[in-house]
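Analysis of the macromolecular model
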Amino acid sequence: MDKRRVFLAIRNLVDYGLMNGLLQKEDEVYTINQLLEVLQMDEYREPEASKDDMELEEILGILLDYAVEQKLIEDSIVHKDLFDTKLMNVLMPKPSEVIHNFKERYKKSPKEATDYYYKLSKDSDYIRRYRVKKDEKWVVDTAYGPLDITINLSKPEKDPKAIAAAKLMKQSSYPLCLLCAENEGYAGRANHPARQNHRIMPLTLGGEDWCMQYSPYVYYNEHCIIFDRHHVPMAITRETFEKELEFIEQFPHYMVGSNADLPIVGGSILTHNHFQGGNYEFAMAKAKVFGQVVISGFEDCKAGMVEWPMSVIRISSENKDRLLELADHILKSWRAYSDEEAFIFAETNGEPHNTITPIARKRGDEFELDLVLRNNITTKEHPFGVYHPHEELHHIKKENIGLIEVMGLAILPSRLKEELRILGEYMVEGKDITENKTIEKHAAWANELMKKYDSISKDNVKEILQKEVGIVFLKVLEHAGVYKQDAFGREHFMKFMNSL
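Residues numbered from 1 in each chain as written. Predicted model: local features only at pLDDT ≥ 70, side-chain atom pairs only at ≥ 80, totals over all residues. Heavy atoms only, no water.

1. A look at the sheet that holds strand β2 (residues 145–151)
If you walk across this open sheet you meet the 3 strands as β1-β2-β15, and the pairing is mixed. Bordering the open sheet on either side are β1 (136–142) and β15 (409–412), each of which pairs with just one other strand. This sheet shows a mean twist of 20° between the axes of neighbouring strands, independent of strand direction. Sheet topology note: the β2/β15 ladder contains 4 bridges and is parallel. Residue pairing for β15: D148 is matched across the bridge by L409. Across the face of the sheet, helix α15 (residues 461–480) comes into contact with β1, β2 and β15 while running at roughly 105° to β2. (Pairing = 2+ DSSP bridges. Helix = DSSP H or I, 4+ residues; strand = E, 2+ residues; numbered from the N terminus. Axes fitted to C-alpha atoms, helices over the stretch in contact; angles between N-to-C directions. Contact = heavy atoms within 4.5 Å.)

2. Focus: the pattern of salt bridges
Scanning all chains against the criterion turns up 42 salt bridges. Note that R11 is salt-bridged to E46, the shortest N-O span being 2.8 Å. Note that R11 is positioned in helix α1 (residues 3–19) and E46 in the loop between α2 (28–38) and α3 (56–69), a separation of 35 residues in sequence. The exposure class assigned to R11 is buried, which follows from its relative accessible area of 6%. Taking the relative accessible area as the measure of exposure, E46 reaches 46% and is therefore partly exposed. Between E136 and K417 there is a salt bridge, with its nearest N and O atoms 3.9 Å apart. Here the residue E136 occupies a position in strand β1, and K417 occupies one in helix α13 (residues 415–429), the gap between them amounting to 281 residues. Given the relative accessible area of 21%, E136 is considered partly exposed. The class for K417 is partly exposed, based on a relative accessible area of 40%. (Salt bridge = Lys/Arg side-chain N within 4 Å of Asp/Glu carboxyl O. Buried < 20%, exposed > 50% of the residue type's maximum accessible area, 1.4 Å probe, protein only.)

3. A few points about the nonpolar core
Ranked by size, the top nonpolar core spans 94 residues in total, and within it M212, I226, F247, I315 and Y483 carry the most contacts. Of all hydrophobic cores here, the second largest spans 54 residues; its members include W308, L420, Y453 and A480. (Core = buried A, V, L, I, M, F, W, Y, C linked by side-chain atoms within 4.5 Å.)

4. A look at the pairing of strand β10 (residues 312–317)
Where burial is concerned, most of β10 is hidden: 6 out of the 6 residues are buried. Residues V312, R314 and S316 line one face of β10 and the alternating positions I313, I315 and S317 line the opposite face, and both faces are buried. Taking the residues that link successive antiparallel strands as the turn, the strand β9 (residues 302–306)-β10 hairpin has 5 residues. In this structure, β10 lies alongside strand β14 (residues 366–375), joined through 6 bridges in antiparallel fashion. The residue bridging R314 from the neighbouring strand is D370, located in β14.

5. Observations concerning the sheet that holds strand β7 (residues 274–278)
Judged by pairing direction, the sheet is antiparallel, and its 10 strands sit side by side in the order β3-β4-β5-β7-β6-β13-β14-β10-β9-β8 without closing on themselves. Each edge of the sheet is formed by a strand with only one pairing partner; in this case those strands are β3 (201–205) and β8 (289–292). Neighbouring strand axes in the sheet, compared pairwise and without regard to direction, differ in orientation by 25° on average. Sheet analysis places β3 next to strand β4 (residues 208–214), joined by 5 bridges and oriented antiparallel. Looking at β4, one finds that M201 is bridged to M212. Contacts from helix α11 (residues 320–335) reach β10, β13 (354–363) and β14, with the element oriented near 10° to β14.

6. Quick notes on the environment of L403
Looking at where L403 falls in the secondary structure, it is placed in helix α12 (residues 403–406). You can call L403 buried: its relative accessible area is 1%. Every residue in contact with L403, bar those within four places of it in the chain, is listed here: G257, S258, N259, Q276, T357, P358 and I359.

7. Some remarks on α1
Helix length check: α1 (17 residues) gives 24 Å between terminal C-alpha atoms against 24 Å at 1.5 Å per residue, within 8%. Structurally, α1 contributes buried residues whose contacts are with α2, α3, α4 (77–89), α6 (110–123) and α7 (129–132). With its phi angle positive at about 75°, G21 sits one or two positions after the end of α1. (Expected span 1.5 Å × (residues − 1).)

8. Quick word on the environment of N101
Turning to its location among the elements, N101 is positioned in helix α5 (residues 95–108). In sequence terms N101 and Y117 are 16 residues apart; their C-alpha atoms lie 8.8 Å from each other.

9. Here we look at the state of the cysteines
For the structure on display, the rule yields 0 disulfides. For the unlinked cysteine C177, the closest cysteine sulfur is that of C180, found at 3.7 Å. (Disulfide = S-S within 2.5 Å.)

10. So, the packing of aromatic side chains
Considering all chains together, one arrives at 22 aromatic pairs under this definition. Pairing Y117 with Y214 gives two aromatic rings, centres 5.1 Å apart and planes at 55°, and the pair type is tilted. Separated by 97 residues along the polypeptide, Y117 in helix α6 and Y214 in strand β4 bring together distant segments of the chain. For Y117, a relative accessible area of 1% corresponds to the buried category. Between the aromatic rings of Y337 and F496, the centroid separation amounts to 4.8 Å while the plane-to-plane angle is 65°, which identifies the pairing as edge-to-face. Of this pair, Y337 sits in the loop between α11 and β11 (347–348) while F496 sits in helix α16 (residues 487–499), and the two are 159 residues apart along the sequence. For the pair Y337 and F496, one class covers both residues: buried. (Phe/Tyr/Trp six-rings, centres within 6.5 Å; stacked < 30°, edge-to-face > 60°.)

Take a look at the structure:
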């Protein structure tokens, strides 16, 4: 590669840092020399002119190509990600500087502080915007309001060589998991992402040390993760509600929620206690309450059942402490609650089944909690969970229904992009779907759609499939609800509410 092209990329990367406030003018020469060290170059010549329209992805791409050519790294997405993170780290301010800047802005307003921090997380390439924008997103109208659908394409697929190399690596327990605070500044390895350009924000919640960071995959606006400073397992307790309410008191423009703490109904990481939040109004937050209930001893708090495919109790009060007491009362009651007729069992053979997915938000002066009732019981008929997407829906979604899905945003696997494209072609051309191994899992569903629609053409097949994926996601949520939205389900939901 012509070194002049590498020098130009270095110049543009430094200019990018200056333009986005990652660097000051006084840092310029120092930063160039640090980049040369990473690239194992011992000379630099200033280009005649920088290319103003060069995007960050293009700049890093040139430097990565040079690193591969010089055999500094292997030509794989995993090793490229490790290396370009190392390059971006050269531009990064120290954690203490970021924390200081955040606190100074927080004095003016919580929103100004998070605006600064979110922008930094994007400008640092910790959030890889050029990958996130590849995610496919659409909205499907339902009886419960519009549901958000996304096919996640921002997580890069690991190539076979990288997977094989990771298996041969010596196993490390540092950091203990992807959420641990020890990830900040970590160089990464083939089986653990680099986090040198990562900065975390310390918080105090419930008198304990917690931290905040943004998700690198930003499934929604300002998608953040709030996590215990210590590696302790997920647990839904009174302290969960206390910390969530404190968080929205500190950041009233954000919502916050927690995955449940049991397998099947919990999230993908149960080993480290954490919440997820952000500046986004989910469909569930817009859903109305259909059954107001007065709970004895908590007449000063509002309570009701939410018009939603899952089983949600919404409680609110201007008094945070009273709301905390009511939430704890509902949690304890649900943990111990059984209704054999509705196939709800608090435990079987000593194994607990009932838990809650809690979400908190501010509405004006009121604190509001949505408590989603969950149960992870399994049967021979439904080994993945009775209140989990049943097998006939697994061709679209078989993963756990975590917090984000509960609130009305489907995070679907990347495989679906290509599968839906091929499926659409087969439906339009009348080909036998069962003969294609990639899409044969969708055959029964596709046959139903062919009967449902009078005309499926090249012009409308994508729209039809997107709409029908949304309908499948609605069924997924209905399967995950412990009480169905029918007369029987509402009767037994009210039975539990009256037991409070």
